[in-house]
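Coordinate inspection notes
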Amino acid sequence: MKKLTSNIIRAVYILSSIVIIPIAAVELYEIISGRAAVDPHLRNMTDGIFWSVFAVYHLCQWYICKHKNRIEA
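Because the structure is a prediction, the values reported are computed rather than measured.

Turning our attention to the overall build of the protein. When helices and strands are tallied, the protein shows three helices and zero strands. Ordered by position from N to C terminus, the α and β elements of the protein give α-α-α. Split into buried and exposed, the 73 residues of the protein put 22% on the buried side. For the protein, the proportion of contacts with a sequence separation of at least 24, taken over those separated by at least 6, is 67%. When the accessible surface of the protein is summed, it comes to about 5,600 Å², and 71% of that surface belongs to carbon and sulfur atoms.

So, about the packing of aromatic side chains. Aromatic ring pairs are defined here through the distance separating the ring centres and the angle between the ring planes. In the structure shown here, the tally under the stated rule is four aromatic pairs. Measuring from ring centre to ring centre gives 5.3 Å for Trp 51 and Phe 54, while their planes differ by 85 degrees; the resulting arrangement is edge-to-face. One end of the pair is Trp 51 and the other is Phe 54, both in helix α3 (residues 40-72) and three residues apart, which spans about a single turn. Take Trp 51: its relative accessible area is 52%, and that puts it in the exposed class.

For the rest of this paragraph, the subject is a nonpolar patch on the surface. The grouping of Leu 4, Ile 8, Val 12 and Val 56 at the surface amounts to a nonpolar patch, some 310 Å² of accessible area in total. A per-element tally of the nonpolar patch places helix α1 (residues 2-33) first, with three residues. Its place among the elements puts Val 12 in helix α1. A residue is classified by how much of its surface remains accessible, and Val 12, at 33% relative accessible area, is partly exposed.

Quick look at α1 now. An α-helical turn contains 3.6 residues, so any two residues separated by three or four positions project in the same direction. The end-to-end C-alpha distance of α1 is 46 Å, a good match for the 46 Å that 32 residues give at a rise of 1.5 Å each. At Ile 20, α1 shows its maximal kink, close to 25 degrees; a proline, Pro 22, follows between one and four residues later. Turning to α1, its buried residues are Ser 16, Ile 20, Ile 23, Glu 27 and Glu 30. The first or second residue beyond α1 is Gly 34, which carries a positive phi of 85 degrees.

Conventions and cut-offs
- Once a new chain begins, its residue numbering starts again from 1 and follows that chain's sequence as written.
- For this predicted model, a pLDDT threshold of at least 70 governs which residues receive local features, and a threshold of 80 or more governs which side-chain atom pairs are given and counted, while totals over whole chains, interfaces and linings are taken from all residues.
- In computing side-chain properties, one takes all heavy atoms of the structure into account and sets aside hydrogens as well as water.
- The way it works is that DSSP assigns letters per residue, a run of H or I at least four long becomes a helix, a run of E at least two long becomes a strand, and they are numbered from the N terminus.
- Note on exposure labels: buried denotes an accessible area under 20% of the residue type's maximum, exposed denotes more than 50%, and partly exposed covers the range between, all computed with a 1.4 Å probe on protein chains only.
- Throughout, a contact is declared for two residues whenever any of their heavy atoms are within 4.5 Å.
- Working definition of accessibility: Shrake-Rupley area with a 1.4 Å probe, residue cover restricted to the visible protein chains.
- Stacked, edge-to-face and tilted are the three classes for Phe, Tyr and Trp ring pairs, Trp counted by its six-membered ring, which pair at centre distances within 6.5 Å; planes under 30 degrees apart are stacked, over 60 edge-to-face, the rest tilted.
- Residues forming no salt bridge and having over 30% relative accessible area are the ones grouped into patches, like charges within 9 Å of each other and nonpolar side chains (Val, Leu, Ile, Met, Phe, Trp, Tyr) within 5 Å.
- Salt bridges, as used here, are contacts in which a Lys or Arg side-chain nitrogen is within 4 Å of a carboxyl oxygen on Asp or Glu.
- The length a helix should cover is 1.5 Å for every residue beyond the first.
- The quantity called bend is, for any residue, the angle between two axes fitted respectively to the seven residues ending at it and the seven beginning at it.

Structure, rendered in structure tokens:
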């Protein structure tokens, strides 16, 4: 069961690291183009998705580093 959990965490980590790059690009495009000022609903939705993926990415990274350190010790 522990191996399955680690594999799921690693898969989610890889997926979130792939997804965060285009979402960050959309965030930067909205800031640069000024589109966020026109449609605040779109801005809130994009912000929510970005910060959710960002949080998942860092939680998975923390879990992987925590178990990596435990194995090395």
